Amino acid sequence: MRLTLRFVLPLTIVLGLLAYAAVPLVDRLIQRWSVRDLDARARLIATSVRAPLGAMMASGSSDGVQLLFNSLTHDERLVAMGYCASPDSPPIATSLLPSDMKCELLRGHRRGGSEVVAGVQGLLHVAIEPLPIGTDSAGALLVVQDMGYIQSRGAETRRYLFVAFVWLSVVVSFITVVVAQLSWRGWVAGMKALLRGEGLLREPVNPGRREAPEFRPIARDLARLIREFESEARERDETQITWSPETLRRMLHGELQGEDVIVVSNREPYLHEQCGGRIETRRPASGLVTALEPIMRACGGTWIAHGSGSADRAVVDAHDAIVLPPEQPAYRLRRVWLTPDEEAGYYYGFANEGLWPLCHAAHIRPIFRSADYAHYVAVNRRFAEAVVAEAKTSAPIVLVQDYHFALLPKMVREALPGATIITFWHIPWPNPEAFAICPWREDLLAGLLGSSILGFHVQSHCNNFVASVDDTIEARVDREAFTVSHGGKLTAVRRYPISIAWPPPPEMVAVPVPDCRRQVREESGIAAGVTIGIGVDRLDYTKGILERFRAVERLLELNPDWIGRVTYIQIAAPSRTVIEEYQHHEYQVRAHAARINAQFGRDGWVPIILKVSHHEPRDVYRYYRGADFCFVGSLHDGMNLVAKEFVAARDDDRGVLILSQFTGAARELPEALAVNPYDADQCAAALQVALTMHPSEQRDRMRLMRALVAEFNVYRWAGRMLLDAALMRRRGRVLERAPFVAPAGVGSSYVRAV
Ligand code: ADQ
């Protein structure tokens, strides 16, 4: 009712005012029409009387004229008539001709005309019609008509008009109320649906109902706001997210919908090798591949890598690409070919004889050759060109992996200024003094600072990098925001601890633990009562394999009771075998194992079993599951995924992890037995603890470690980086729309890194 009144009342008032304004207008209009009618009537009368009047005047019968006029004025509207022969003669007229109406009137109306005058009983219409008769050339007829009927007609019209307006207002109000009610209901229903989130966060409850077009812009804005709110909330409280391939896919869909994701790494996720007449597919032993492959499976995109398998060329298409993984294609691998010289200079030379020892505190001197560096520059350029060629948009998201591509971010940035480049440095970053020995340190830093985000596993590596920048090049370092501004570009330096897929692929943990133990024993010839330790590494001097052998030796020296009761299996994948240092290291590893086995081995038992060969991930997991403890003894390691894999493999909550304090993993897994691998006595003591640890303690420790790896899995690692990239891109877009030059050092400049 109130709604009705709200519509009807103003409408009635408006219509009333309109009617009020219309009345004088209508009066004037009626009068004008009536005057026109009376003029025509006067002309008609003049025409009708012309002949009899002419005859009477010719015969001088003024009485006859009088009689004629009297007979005509019987008409109730015709008040009086008269004839003037000239302006000076008296009129021959009926008795009711007003006395003030003289023939002089003719002077002002030589050609005739009419006027409205006020009579005693109301308005009169006086028409003067020229009527020359005989010699009276100025003769004219006076016709006086009553206009009273017009006034009564005006009153009637006003009455009709009023009634019509009243009706109109009622009808218009009714229609307005009905239409308003209907659209109000629709609007309220639409708004309620919007507030319920239909069409924004979820499908409409009634999919048949079409969304009102006027809601579309509101719905769009709301959806965008909700997305932004969600992602900001996620950024504020990421502990709420359980990261899985599905979460990552959803996040990529929501945050980076339609974005072009390109990964660049030296190592390819799959190698194709010629074996006899067959082509075999092989997964390389690499932490980087272990971490990135699940991501690419989850989000697709293009992975650019060096094609190093002997049959790699045989399986690619015309664009040097192949779709992977073989069993369930999800992403594209684009292979880049290198000549043996390029590979020797860029990969073995500068990357692995120069940067690898430079970044690892393993007391191996880096070797820097300018010819190697020239190859490093050229190969970085080649990969950068491949990124540009593979980019589907001008602003792709490029994930650059590791120390093989320190120069590439800047090269890609120059070609694709809109790209979001996330570079992840998988190995440690040395302190500024150690880094200073690199002859091309400025170029390396400038190259890396082409990235939007530069990631390391742990905060101390971020700190070392920023300190190196501070010591080496002209750049503005913001230690609060942890950003570096160089050449007008900003790079955020962030910590993203890498991890493994969780839960581990089902096929890795399919064989029950007791079966794994039995198989491991059988394969390695280990007797039933012997405790088994495991180490899984690339055969690399940074991994502390020699140190672990010394620890086993020391344990047997200090506690001879363990002789014949414990065997440590070292799986070592040959790595970088063309490098002399690695050849020497392998020789030492073999020699140490042989010496210790010779010293302590007896009756078919040996303390160390060394398996220098590559193993498929399934075999590696079988060893993890079949062992009683895992020993990670790296002298220096960015993260170390073996530690996390061992934890993931132990769904029986058993097994002990001995972990070097110089790995990134040690900061995340305090329940492991932390050791200094250089301290053989301490390591031997840790072995003793591991060998005697009660199963319930093993279970408690293992559960805590498993919970951590489950939560901080590789999907979180990638998701966190990609979310940061998405945030940067969003901020970049906002800034493009509303540019604002922040004062130097103010955080908004962070956005310009995009
Ligand atoms: P890597 O130095 O390669 O990685 P790591 O993290 O331990 O070291 O990963 C090694 C991977 O190779 C694991 O997945 C392991 O299972 C596998 N592997 C080792 N030996 C193998 C063998 N014989 N056969 C088959 N597979 C084998 C670099 C950095 C690390 C960082 C990772 C990821 O040096 O610090 O954790 O990248 O960022």
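Enquirer: Whenever I open this one, the site of the ligand confuses me. Can you help?
Expert: As a structural note, the neighbourhood of the ligand is formed by 28 residues, with His 426, Arg 538, His 615, Asp 637 and Glu 645 the closest of them. Measuring from a nitrogen atom of the ligand, one finds a backbone N or O atom of His 615 at 2.9 Å. Leu 641 places a polar main-chain atom, nitrogen or oxygen, 2.8 Å from an oxygen atom of the ligand. Out of a free accessible area of 710 Å², the ligand has 95% covered by protein chains. Of all the secondary-structure elements, those providing two or more residues to the shell around the ligand are helix H7 (287-299), strand S18 (531-538), strand S19 (566-573), helix H18 (617-626) and helix H19 (641-649). In terms of residue class, the shell around the ligand is made up of 13 nonpolar, 10 polar and five charged.

Enquirer: How should the packing of helix H9 (residues 340-359) against helix H10 (residues 370-390) be read in this particular structure?
Expert: Each packed pair of helices is defined by two parameters, the angle between the axes and the distance between the axes. Contact pair H9 / H10: the axes reach a minimum separation of 8 Å and the direction vectors enclose 110°. The angle between H9 and H10 places the two elements in the roughly perpendicular class. Facing Asp 341, Glu 342, Ala 344, Gly 345, Tyr 346, Gly 349, Phe 350 and Leu 355 of H9, the residues of H10 in contact are Asp 372, Tyr 373, His 375, Tyr 376, Val 379 and Arg 382. Residue composition of the contact of H9 with H10, grouped by class: seven nonpolar, three polar and four charged.

Enquirer: Please clarify how the state of the cysteines should be interpreted in this entry.
Expert: What is meant by a disulfide is a covalent connection between two cysteines, made through their sulfur atoms. One pass over the full model with this rule turns up one disulfide. Each sulfur of the disulfide joining Cys 84 and Cys 103 lies 2.0 Å from the other. Sign of the S-S torsion, about -85° for the bond between Cys 84 and Cys 103, identifies this disulfide as left-handed. Of this pair, Cys 84 sits in strand S1 (residues 78-84) while Cys 103 is found in the loop between strand S2 (92-93) and helix H3 (105-108), placing the two residues 19 residues apart along the sequence. By relative accessible area, which is 0% here, Cys 84 ends up buried. No disulfide involves Cys 438; its sulfur sits 8.9 Å from that of Cys 359, the nearest cysteine.

What counts and what doesn't
Residues numbered from 1 in each chain as written. Predicted model: local features only at pLDDT ≥ 70, side-chain atom pairs only at ≥ 80, totals over all residues. Heavy atoms only, no water. Near = heavy atom within 4 Å. Polar contact = N/O pair within 3.5 Å; in protein donor to acceptor, adjacent residues only side chain to side chain. Areas by Shrake-Rupley, 256 points an atom, 1.4 Å probe, with all protein chains shown as cover. Helix = DSSP H or I, 4+ residues; strand = E, 2+ residues; numbered from the N terminus. Nonpolar A, V, L, I, M, F, W, Y, C, P; charged D, E, K, R; others polar. Axes fitted to C-alpha atoms, helices over the stretch in contact; angles between N-to-C directions. Parallel < 35°, antiparallel > 145°, perpendicular 65-115°, else oblique. Contact = heavy atoms within 4.5 Å. Disulfide = S-S within 2.5 Å. Buried < 20%, exposed > 50% of the residue type's maximum accessible area, 1.4 Å probe, protein only.

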